[in-house]
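# Understanding the architecture of this molecule
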Amino acid sequence: MGSKKKSRAEQPVVVEEQKPLGNKEYEKELRRLHPQLVLQFDEMEPEEALTALRSWQTDVALIDDLNVPPGALDPNIAVLPLMEDVFNVMMARDHRLAGQASVTLEDLRDESWVSDTASATYARMLTEACQEAGFTPNIIARCKGFEVSIAMIREGCAIAILP
C-alpha cells in the first residue's frame, strides 16, 4: 500500500504581487488560523509558477501579472488581485517636468527613453501604452538592469517609467 497523499484545494489559486511574505506577524496569524498549513516559499518566474499550479506542485502562487503572457492564465486558476501596480516617471531633478504633481504620457511624447530589457512584457506594455497615446517612444537605450538606466536618467540623458 502506498502512502496517503495530503488533500489539496479543489482549485489552485493565484494571487498577484507579493503580500507580506517573510512578515512574522502575518505568518503567525496564518499558522493560528490554519494549524495544518505548511508554508514554503519558492521563488519562480511567472510561467514556472503557473506550471507548478497546474501540476499541483504548489497551491498558491504570488505573481506579477505584468509578466504573465496573454492567455497564460486558464479558467481553472482563480485570480485574486492584491494590489495595483503604480508606475512612476523617472527623470533628472532638473528636467522640465520635474516637480509636477502628475505627468501624462502625452507630456512625454518628445522625450528620449531608456527601456529595461529584463522584461520583454514590460517593454511591450510601455510601447503599447505610448502608441495608444498617439506616439512611439524614442527609446535611445535598452538596458538589462536598473543601474545603467538610473544613471542615464540621473544624468538627464533619458527618462523611464518604472514600477
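Residues numbered from 1 in each chain as written. Predicted model: local features only at pLDDT ≥ 70, side-chain atom pairs only at ≥ 80, totals over all residues. Heavy atoms only, no water.

Here the focus is the overall build of the protein. When helices and strands are tallied, the protein shows four helices and seven strands. Starting at the N terminus, the α and β elements of the protein follow one another as β-α-α-β-β-β-β-α-β-α-β. Within the protein, buried positions represent 28% of all 163 residues. Here the contacts in the protein between residues at least 6 apart in sequence split such that 67% fall between residues at least 24 apart. In the structure as shown, the protein presents an accessible area of about 11600 Å², 50% of it carried by carbon and sulfur atoms. (Helix = DSSP H or I, 4+ residues; strand = E, 2+ residues; numbered from the N terminus. Buried < 20%, exposed > 50% of the residue type's maximum accessible area, 1.4 Å probe, protein only. Contact = heavy atoms within 4.5 Å. Areas by Shrake-Rupley, 256 points an atom, 1.4 Å probe, with all protein chains shown as cover.)

The next thing to look at is the side chain of S149. Structurally, S149 is set in helix 4 (residues 146–154). Residue contacts for S149: discarding those within four places in its chain leaves V114 and C143.

By size, the foremost hydrophobic cluster in this structure holds 20 residues, and its most contacted members are L108, W113, V114, Y122, L126 and I161. Broken down by secondary-structure element, the contributors of at least two residues to this core are strand 5 (112–116), helix 3 (120–132), strand 6 (138–143), helix 4 and strand 7 (160–162). One finds A49, L50, L53 and A61 within the second-largest nonpolar core, a separate group that totals eight residues. (Core = buried A, V, L, I, M, F, W, Y, C linked by side-chain atoms within 4.5 Å.)

Attention now moves to the pairing of strand 6. Along a regular strand, successive side chains alternate from one face of the sheet to the other. Of the pairings in the sheet, the one linking strand 5 to strand 6 comprises five bridges and is parallel in character. In the strand pairing of strand 6, D116 is matched with C143. Of the crossover connections in this fold, the one passing from strand 5 over helix 3 to the parallel strand 6 is right-handed. (Pairing = 2+ DSSP bridges. Right-handed = clockwise from strand over helix to strand, strands pointing away.)

Before going further, it helps to spend a moment on the environment of R154. The residue R154 is located in helix 4 in this model. For the pair R154 and H95, spaced 59 residues apart in sequence, the C-alpha to C-alpha distance is 9.8 Å.

A word on helix 2 (residues 46–54). Every buried residue belonging to helix 2 is among P46, A49, L50, A52 and L53, and all of these are buried. Along the long axis of helix 2, the arc covered by the buried residues comes to 155 degrees, so they all point the same way. Once helix 2 finishes, W56 follows within two positions and takes phi at roughly 60 degrees, a positive value. (Arc of directions from axis to C-beta.)

With respect to the helices, strands and loops of the structure, L66 is situated in the loop between strand 2 (60–63) and strand 3 (78–80). For L66 and T121, which are 55 residues apart along the polypeptide, the C-alpha to C-alpha distance reads 6.7 Å. For L66, the residues in contact, after removing those within four places along its chain, are D85, F87, T121, Y122 and M125.

A few words now on the confidence of the model for the protein. When pLDDT is averaged along the protein, the result is 80; 85% of the residues meet or exceed 70. Model confidence for the protein, summarised as mean pLDDT per element, is weakest for strand 1 (residues 13–16) at 40 and strongest for strand 6 at 93. Counting contacts from residues 1–19, a segment whose pLDDT is below 50, to residues more than four positions away or on other chains yields 53 contacts. (pLDDT = per-residue confidence, 0-100.)

Residues D42, E43, E45, E47 and E48 make up a contiguous surface patch of negative charge. Turning to its location among the elements, E43 is positioned in the loop between helix 1 (24–33) and helix 2. (Patch = residues over 30% accessible without salt bridge, like charges linked within 9 Å, V, L, I, M, F, W, Y side chains within 5 Å. Salt bridge = Lys/Arg side-chain N within 4 Å of Asp/Glu carboxyl O. Lys, Arg positive; Asp, Glu negative; His and termini not counted. Charge placed at Lys NZ, Arg CZ, Asp CG, Glu CD.)

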